[in-house]
Amino acid sequence: MPDSTSTSSSPPAPARAPAPTPSPARRSDATRAAILDAARERFAADGYERATIRAIARDAKIDPSMVMRYYGSKEGLFAAAVAVDIRLPDLSTLPRQEVGRVLVAHFLDQWEGNEVLTALLRVGAGSQAGAERMQGVFRDQVMPVARRVCPDPEQTATRAALTAAQLLGLALTRYVLRFPPAVALTREEIVAWLAPTVQRYLTAPHP
């Protein structure tokens, strides 16, 4: 006869191991990603001037001090968050003597239709992070143009820098500082003035 005091219950289930705690580095990466995602959406919705650190922090569900801790300032956050593609046209089939004109006309379209690019120029003038982002845009997207048409490969970087000086100088005086004579120029006048200079920088023999 079985012992009435004995039980036939199954053995207890093993205790569930606690979920691993994310490492500090992983938590930091997740926080940075949340800040950048929120910043991109806020800059796109409100523009650079109206977007605030407080609003971005609220969207990312963190304290504003965390945004400042990781990015230092609104300018630093903007430079880290924005991705700028100046969408240069395919110049491979373009006659070499037309490159200057097409490049100036394309950049006019970009400055006038891309608020992010203009804001990045403004930030780059007073922020190391913005300057580095702007340098990257020209290094990655303008340098290949100079490399394609430059008569001396050793001069590619110099010619690209001179081209950038013209294009950025125009943008700074026309769209950021808004010098009245620069603002008053028509598109046709700008192309007529700048295109020959850019063309010379890119394709003329070394002076």
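Positions within a chain are numbered from 1, following the residues in the order the chain's sequence is written. Only residues with pLDDT of at least 70 are given local features in this predicted model, and only at 80 or more are side-chain atom pairs given and counted; all residues enter the totals for whole chains, interfaces and linings. Values shown for side chains rest on all heavy atoms present in the structure; no hydrogens or waters enter the calculation.

Asker: How should I be thinking about the environment of Ala192 in this particular structure?
Answerer: Under the scheme used here, helices are H or I runs from DSSP no shorter than 4 residues and strands are E runs no shorter than 2 residues, and both carry numbers assigned from the N terminus. Here Ala192 is to be found in helix α11 (residues 187-203). Burial here depends on accessible area, computed with a 1.4 Å probe over protein chains only, as a share of the maximum for the residue type. Under 20% is buried, over 50% is exposed, and the range in between is partly exposed. Given a relative accessible area of 52%, Ala192 falls into the exposed group. Measuring from C-alpha to C-alpha, the distance between Ala192 and Ala105 comes to 9.9 Å, with 87 residues separating the pair along the chain.

Asker: I tried to follow the pattern of salt bridges on my own but got confused; where do I start?
Answerer: Proximity of charged atoms lets side chains of opposite charge pair with each other. The rule for a salt bridge is simple: a side-chain nitrogen of Lys or Arg has to be within 4 Å of a carboxyl oxygen of Asp or Glu. For the coordinates displayed, the defined rule picks out 8 salt bridges. The salt bridge partner of Arg122 is Glu49, with a shortest N-O separation of 3.4 Å. Of this pair, Arg122 sits in helix α6 (residues 115-124) while Glu49 sits in helix α1 (residues 24-50), placing them 73 residues apart in sequence. Classification of Glu49 by relative accessible area gives exposed; the value is 54%. Linked through salt bridges whose partners overlap, the residues forming this network are Arg42, Asp46 and Asp59.

Asker: Please explain α11 as it appears in this structure.
Answerer: Over its 17 residues, α11 extends 23 Å from the first C-alpha to the last, a length consistent with the 24 Å expected when each residue adds 1.5 Å. Along α11, the helix axis deviates most sharply at Leu194, where the bend reaches about 30 degrees; the proline Pro196 sits within four residues downstream. When we look at burial in α11, the residues that qualify are Ile190, Val191, Leu194, Ala195, Val198, Gln199, Tyr201, Leu202 and Thr203. Each element contacted by the buried residues of α11 is listed here: α5 (99-113), α8 (143-149) and α9 (156-176). Every helix has an expected span of 1.5 Å times one less than the residues it contains. Bend is computed residue by residue as the angle between axes fitted to the seven residues ending at the residue and the seven residues starting at it. Note on contacts: a residue pair qualifies if any of its non-hydrogen atoms lie within 4.5 Å across the two residues.

Asker: Please explain the layout of surface pockets as it appears in this structure.
Answerer: Size it by volume and the largest pocket reaches roughly 180 Å³. Points on a 1 Å grid over protein atoms alone make up a cavity when a 1.4 Å probe fits among them but cannot get out, and a pocket when they form an open set with protein on both sides within 12 Å along at least five of seven lines; lining residues each have an atom within 4 Å of a point. Taken together, Gln155, Thr158, Arg159, Leu162, Arg200, Tyr201, Ala204, Pro205, His206 and Pro207 make up the full set of residues lining the largest pocket. Of all the secondary-structure elements, those providing two or more residues to the lining of the largest pocket are α9 and α11. Here the lining of the largest pocket takes 3 residues from α9, the largest share from any one element. Among the residues making up the lining of the largest pocket, the classes are represented as 5 nonpolar, 3 polar and 2 charged. Grid points are joined across faces, edges and corners, and a volume is the space filled by probe spheres set on the points. Residues are grouped as follows: Ala, Val, Leu, Ile, Met, Phe, Trp, Tyr, Cys and Pro are nonpolar; Asp, Glu, Lys and Arg are charged; every other residue, Gly included, is polar.

Asker: Before we go on, may I ask you to explain the side chain of Arg42 in this structure?
Answerer: On the secondary structure map, Arg42 appears in helix α1. Look past the residues within four positions of Arg42 in its chain and what remains in contact with it is Gly47, Ala51, Ala55, Ile56, Arg58 and Asp59.

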